[in-house]
Amino acid sequence: MSGGARGDVVSRLRAAGSVFAEDEAAVLLAAASTPAELERLVSRRVLGEPLEVIVGWADFRGLRIGVEPGVFVPRARTGVLVDVATPLLRPGSVVVDLCCGTGAVGVALHDRQPAITLHATDIEPAAVRCARANIERIGGVVWQGDLFAALPASLRGAVDVLVVNAPYVPSDAIGLMPPEAREHEPRVALDGGADGVDIHRRVAAGAREWLAPAGRLIIETSRRQAALTSAAFEAAGLTARVVTDEDIDGTAVVGATVVPA
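A. Summary view of the overall build of the chain. Broken down by element type, the chain carries 10 helices and 9 strands. Computed over its C-alpha atoms, the radius of gyration of the chain comes to 19 Å, within 12% of the 18 Å expected for a compact globule of 261 residues. Oriented by its inertia axes, the alpha-carbon framework of the chain measures out at about 70 × 40 × 30 Å. Split into buried and exposed, the 261 residues of the chain put 51% on the buried side. Long-range pairs, those at least 24 residues apart, make up 59% of the contacts in the chain between residues at least 6 apart in sequence. A total of about 11,700 Å² of accessible surface is found on the chain, and carbon and sulfur atoms cover 54% of it.

Encoded structure:
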């Protein structure tokens, strides 16, 4: 389409508050086959619908991840989970992507080491459906349920890498989030309780039962909440190490079972 059309799209996106108007315009222009379709796509974005839902995919760690309506959209900062977990992977490693959303983290880890055994879980039916479309095509399995309750008993004590992007937004802060998040993503994927780390505490408390002897738990958190997430690990008998990636504003806590002296 013409350069004039591109300029018009960029201007409309900027006026709607997009801070990445040029990048978003390029994605929308590539997705539209006709001017009428472009108008529909741009109108949806101007009204606040997430770009990834509009075009049906998100770019995550260089991979195109399918995204459906009503599912948590992968954030660039979540790539910290992938970078921390990758050196831990070996052929045959059992990996669990807990609170998987679209399954983006699991897919990215499989891309780094295709010989892993991949499981993923989420409590939201829409997320499970979306994750299955992304994960089953690479040979992984997606389970629906509340955290570890979704996993088969055969994984107890066998998980080498447990990656978790659980919600960590404090309940009172949900209303401060951008409309595209608070209006289009399920609250269960955003709300982390009063201080944002309720789910982190639950995951840490249950992790030892599922981790292999040398397994690792890696949970995404925020810089502000890293100390609280670390405390949850330590209270559950796990070590805790904070990792940050300044380039993507990503923070994670990495833990392992504490072996008694």
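B. Layout of the nonpolar core. Grouped together as the largest cluster of nonpolar side chains are 29 residues, with contacts concentrated most on F60, V95, V105, L109, V161, V163 and I218. Secondary structure elements with two or more residues in this core: β2 (63-66), α5 (79-85), α6 (104-112), β4 (117-122), α7 (125-135), β6 (159-164) and β9 (250-255). Core analysis: the next-biggest nonpolar cluster, separate from the first, contains 25 residues, C99, L155, A204 and L211 among them.

C. Inspection of the sheet that holds strand β8 (residues 241-245) at higher detail. Spatially, the 7 strands line up as an open sheet ordered β5-β4-β3-β6-β7-β9-β8, and their pairing is mixed. The open sheet has two edge strands, β5 (141-144) and β8, and neither has a second partner. Strand-to-strand twist of the sheet, defined as the mean angle between neighbouring strand axes without regard to direction, takes the value 20°. Note: strand β3 (residues 94-98) against β4, 4 bridges, orientation parallel. Along β4, the bridge assignment pairs V94 with T117. Most of the contacts of α6 go to β3, to which it runs at about 155°, and overall it touches β3, β4 and β6. Running over the sheet, α7 touches β4 and β5 and is turned about 175° from β5.

D. Seen up close, the packing of aromatic side chains. By the definition in use, this model includes 1 aromatic pair. When the ring of F148 is compared with that of W210, the centres are 5.8 Å apart and the planes differ by 10°; the resulting orientation is stacked. Of this pair, F148 sits in the loop between β5 and β6 while W210 sits in helix α9 (residues 198-210); the two residues are 62 residues apart in sequence, bridging distant segments of the chain. Taking the relative accessible area as the measure of exposure, W210 reaches 4% and is therefore buried. Against the face of W57 rests R64, its NZ or CZ located 3.8 Å from the ring centre.

Conventions we followed
- Residues numbered from 1 in each chain as written.
- Predicted model: local features only at pLDDT ≥ 70, side-chain atom pairs only at ≥ 80, totals over all residues.
- Heavy atoms only, no water.
- Helix = DSSP H or I, 4+ residues; strand = E, 2+ residues; numbered from the N terminus.
- Rg over C-alpha atoms; globule rule 2.2 N^0.38 Å.
- Buried < 20%, exposed > 50% of the residue type's maximum accessible area, 1.4 Å probe, protein only.
- Contact = heavy atoms within 4.5 Å.
- Areas by Shrake-Rupley, 256 points an atom, 1.4 Å probe, with all protein chains shown as cover.
- Core = buried A, V, L, I, M, F, W, Y, C linked by side-chain atoms within 4.5 Å.
- Pairing = 2+ DSSP bridges.
- Axes fitted to C-alpha atoms, helices over the stretch in contact; angles between N-to-C directions.
- Phe/Tyr/Trp six-rings, centres within 6.5 Å; stacked < 30°, edge-to-face > 60°.
- Lys NZ or Arg CZ within 6 Å of the ring centre and 35° of its normal.

Everything listed is a geometric property; what it means functionally is a separate question.
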